[in-house]
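# Topology and contacts: notes
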Amino acid sequence: MAAQILFITGTDTSVGKTVFAALLTQHLRKQGVRAVALKPICSGERNDARALRKAAAEILTLDEVNPWHFRARLAPLLAARMERKRVRLREVVTHIRRVGKRFDVVMVEGAGGLLSPLGEGFDSRDLIVALRAKPIVLCPNRLGAVNQALLVLKALPRAVAARAPVVLVSPRKPDLASRTNPKLLAEILGARRVRVLPWLEFKL
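This text gives an overview of the structure that appears in the document. Numbers given to residues run from 1 along each chain, matching the order in which its sequence is written. Totals for whole chains, interfaces and linings use every residue, but because this is a predicted model, local features are given only for residues with pLDDT of at least 70 and side-chain atom pairs only at 80 or more, for both listing and counting. Computation of side-chain values covers all heavy atoms of the structure but excludes hydrogens and water.

We now examine the overall build of the chain. Only DSSP runs of H or I covering at least 4 residues are called helices, and only runs of E covering at least 2 are called strands; the numbering of each starts at the N terminus. Counting its secondary structure elements, the chain contains 9 helices and 10 strands. With C-alpha atoms as the basis for the radius of gyration, the globule rule is written as 2.2 Å multiplied by the number of residues raised to the power 0.38. For the chain, whose C-alpha radius of gyration is 16 Å, the value lies close to the compact-globule estimate of 17 Å for 204 residues. Seen through its C-alpha atoms, the chain measures out along the principal axes to roughly 45 × 40 × 35 Å. We call a residue buried when its accessible area falls under 20% of the maximum for its residue type, exposed when it is over 50%, and partly exposed in between, using a 1.4 Å probe and counting protein chains only. Across the 204 residues that make up the chain, the buried fraction comes to 52%. For every accessible area listed, the method is Shrake-Rupley and the probe measures 1.4 Å; residues are considered covered only by the protein chains on display. Working note: accessible area of the chain is about 10,900 Å², and carbon and sulfur atoms make up 53% of it.

Have a look at this one:
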């Protein structure tokens, strides 16, 4: 059977996607689930991909976790073009599905926010649809989080957005906004779709 594909996206870059994906992968594996995490496309350093590989006990090679890597710290589309390379949606989908044949759950981490261009003519939203993946939206729990989370959900196809949970990533020092955001989002989306990830000192 094909693996369940969970797609970790976010409201922006550096919102905690890698930490969440690594922790969830570790948790599932401890429960006996054959789970791995991929970051198919990245630009800049490969620390995120290394952390995801480590979370799955290094069962995959780094190039399996992250087959498309570009040096410039830019949107992957621009970083690839600087190296005169192209990434196509079909190739990425094929790689993820090939890996998925060996596992129960595949965590896929996007690069940047939902609509950040990943390759030629596609972004994380397109990848989610092509993979029929379940998205999980990460959002920093701060002032403005409710608007940011709802904008990402609004950008997803309606049927996909309806099953997408939101994970609010807690700040080091909670404030009034971070304490009240979860309740407000739960009123709008339903309590089952809103989770809070506490502040963690997690080294990638």
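What follows is about the side chain of Glu 83. Considering the arrangement of structural elements, one finds Glu 83 in the loop between α4 (76-82) and α5 (89-100). Judged by its relative accessible area of 16%, Glu 83 is buried. If we ignore the near neighbours within four places in the chain, the residues touching Glu 83 are His 69, Phe 70 and Arg 71. Residues are treated as being in contact if the distance between any of their heavy atoms lies within 4.5 Å.

Let's shift gears to a nonpolar patch on the surface. Taken together, the side chains of Leu 74, Leu 78 and Met 82 make up a nonpolar region of the molecular surface, amounting to roughly 300 Å² of accessible area. Relative to the helices and strands, Leu 78 resides in helix α4. According to the relative accessible area criterion, Leu 78 is partly exposed, its value standing at 44%. Patch construction takes residues with relative accessible area above 30% that form no salt bridge. Like charges are linked within 9 Å, and nonpolar side chains (Val, Leu, Ile, Met, Phe, Trp, Tyr) are linked within 5 Å. The rule for a salt bridge is simple: a side-chain nitrogen of Lys or Arg has to be within 4 Å of a carboxyl oxygen of Asp or Glu.

Judged by which residues are buried, strand β9 (residues 166-169) turns out to be covered on both faces: Val 166 and Leu 168 on one side and Val 167 and Val 169 on the other are all buried. Any two strands are treated as partners once DSSP identifies two or more bridges connecting them. Pairing geometry for strand β8 (residues 134-140) and β9, over 4 bridges, is parallel. Directly across from Pro 140, in β9, lies its bridge partner Val 169. Taken together, the 4 bridges between β9 and strand β10 (residues 194-197) define a ladder with parallel strand orientation. Bridge assignment links Val 167 to a residue of β10, and that residue is Arg 195. On the question of chirality, the crossover connecting β9 to the parallel β10 by way of helix α9 (residues 176-189) is right-handed. By convention, orient the strands away from the viewer: a clockwise path from the first strand over the helix to the second makes the crossover right-handed.

For the rest of this paragraph, the subject is the packing of α5 against helix α6 (residues 124-131). Structural elements are reduced to axes, namely lines fitted to C-alpha atoms, with helices fitted over the stretch in contact, and the angle between N-to-C directions of any two is expressed from 0 to 180 degrees. The N-to-C vectors of α5 and α6 enclose an angle of 50 degrees; their axes lie 10 Å apart at closest approach. On the basis of the axis angle, α5 is oblique to α6. Crossing hand, α5 versus α6: right-handed. Taken together, the residues of α6 that come into contact with α5 (itself represented by Leu 89, Val 92, Val 93, Ile 96 and Arg 97) are Asp 126, Leu 127, Ala 130 and Leu 131. Counted by class, the contact of α5 with α6 contains 7 nonpolar, no polar and 2 charged residues. An angle below 35 degrees is read as roughly parallel, one above 145 as roughly antiparallel, one from 65 to 115 as roughly perpendicular, and any other as oblique. Handedness of a crossing follows from how the near helix is turned relative to the far one, being left-handed for an anticlockwise turn of less than a right angle and right-handed for a clockwise one. When residue character is reported, Ala, Val, Leu, Ile, Met, Phe, Trp, Tyr, Cys and Pro are called nonpolar, Asp, Glu, Lys and Arg charged, and the others, Gly included, polar.

This next bit is on the sheet that holds β10. In a beta sheet, neighbouring strands are held together by backbone hydrogen bonds and run either parallel or antiparallel to one another. Ordered in space as β2-β5-β1-β8-β9-β10, the 6 strands form an open sheet in which the pairing is parallel. Of all strands in the sheet, those bounded by a partner on one side alone are β2 (35-38) and β10. This sheet shows a mean twist of 25 degrees between the axes of neighbouring strands, independent of strand direction. Pairing of β2 with strand β5 (residues 105-109) involves 4 bridges; the strand directions are parallel. In the strand pairing of β5, Val 36 is matched with Val 106. Against the sheet, α6 contacts β1 (4-10) and β8, and its axis sits at roughly 165 degrees relative to β1.

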